[in-house]
Amino acid sequence: MPASVDEVIGLLELERLEVGLYRGAQPQASVLKRVFGGQVAAQALMAAQLTVPDDRFVHSLHLYFILGGDPSIPIVYDVENVRDGRSFTTRRVAARQHGEIIFYMTASFQVEEDGWDHQDVMPDVPSPDEATPMLDIVQLRGPDAVDHWKREWASFDMRYIGDNRAEDDPQRTLVPAVQRLWFRADGVLPDSRIIHNAAFTYISDLSLLGASLVPHGQFIGSDRVQPASLDHTIWFHRPVRADEWLLYDQTSPSASGARGLSTARVFNQAGTLVATVAQEGLIRRITPKG
């Protein structure tokens, strides 16, 4: 992961190789063994958007993570023009490394239209200033964890609100898992709806799968869990600004077969529902060595 918002912006500036073919760079200082899924998703969205008319913006994207990406080499994004309609545009993107497809995305774009409007009400939660900085929670795991967090995730500011992990939490009678946090880019992004959509896509892959572990008393970074994103979907309901506080209201309706399903509503501070996210991932139970 990039250590600053400027590096995030740089990763979203793809190199055009030819028509419909782009190359995305990798973070310079990351020590991750696999490419962060949100990075591939964000770069793929940027590649698709570069082939779409300027008056159309993404309203939905569906992602499949097929192979773990190699962080030591760039990723090539091949954009297929599926359809150009009067209102909607569809693109399919294949991400390739070492001659293999590591990722697929199908995305749909729409011209702005008027229509009926309704939304869920944002839950009553503490403000970002009242929530716990994620770094404070990471510190409980020791100095190595702090150094890793600062190196890999410092480009986004995250504030943890809490979950219903406790057995006596009254929310557990309603849903098996609730996990909530605030997040935003830790800096100012360009005034571009395309960039904000891509930056939001980038960070949406972080923490969501962890909601599926809440009922089981586990954390995504535990040595008892082998996690991996399998697929990921975002529906953009309204314009989103990724450098302003966004509430990630996460739930997990099911876990089975070593897979967990998490869903989330995303609200801005004004209470506007800007997006809905869903992800299924591997949460394989493992026994620590030693």
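No experiment lies behind these values; they were computed from the predicted model shown. (Residues numbered from 1 in each chain as written. Predicted model: local features only at pLDDT ≥ 70, side-chain atom pairs only at ≥ 80, totals over all residues. Heavy atoms only, no water.)

Enquirer: Any details on the UniProt feature "domain: Acyl-CoA thioesterase-like N-terminal HotDog" (unreviewed entry) in the protein chain? Residues and values, ideally.
Expert: Sequence positions flagged by UniProt for "domain: Acyl-CoA thioesterase-like N-terminal HotDog" (unreviewed entry) are, in local numbering, residues 34-110. End-to-end, the C-alpha atoms of residues 34-110 are 33 Å apart, and along that stretch the chain is 17% helix and 53% strand. (UniProt positions renumbered as here; feature names shortened; annotations may be inferred. Helix = DSSP H or I, 4+ residues; strand = E, 2+ residues; numbered from the N terminus.)

Enquirer: Hey, could you go over a nonpolar patch on the surface for me, with residue numbers and the actual values?
Expert: A surface patch of nonpolar side chains, amounting to about 300 Å² of accessible area, comprises Tyr64, Ile66 and Leu67. The residue Ile66 is located in the loop between strand E3 (56-65) and strand E4 (75-84) in this model. Using a relative accessible area of 44% as the deciding quantity, one classes Ile66 as partly exposed. (Patch = residues over 30% accessible without salt bridge, like charges linked within 9 Å, V, L, I, M, F, W, Y side chains within 5 Å. Areas by Shrake-Rupley, 256 points an atom, 1.4 Å probe, with all protein chains shown as cover. Salt bridge = Lys/Arg side-chain N within 4 Å of Asp/Glu carboxyl O. Buried < 20%, exposed > 50% of the residue type's maximum accessible area, 1.4 Å probe, protein only.)

Enquirer: Requested: an account of unusual backbone geometry, with residues and values cited.
Expert: In the Ramachandran plot, His98 falls in the positive-phi region, its phi being about 50 degrees despite a non-glycine side chain. Mapped onto the secondary structure, His98 falls in the loop between strand E5 (88-97) and strand E6 (100-111). Although it is not a glycine, Ala258 adopts a positive phi angle of roughly 70 degrees. Turning to its location among the elements, Ala258 is positioned in the loop between strand E11 (246-256) and strand E12 (259-268). Classification of Ala258 as partly exposed rests on a relative accessible area of 33%.

Enquirer: Quick rundown of the nonpolar core? Include the residues and the values.
Expert: One broad trend across soluble globular proteins is that nonpolar side chains are buried collectively. If you look at the biggest cluster of nonpolar residues, it comprises 63 residues, and the most contacted ones within it are Leu61, Phe103, Met105 and Phe200. Sort the elements by how many residues they give to this core and helix H2 (residues 37-49) lands first, with eight residues. Filtering out sequence-adjacent residues up to four positions away, Phe200 remains in contact with Phe183, Ile234, Phe236, Val240, Ala242, Leu246, Val266, Ala275 and Val277. The next biggest cluster of nonpolar side chains, apart from the first, holds seven residues, and it includes Val125, Trp182, Leu247 and Leu273. (Core = buried A, V, L, I, M, F, W, Y, C linked by side-chain atoms within 4.5 Å. Contact = heavy atoms within 4.5 Å.)

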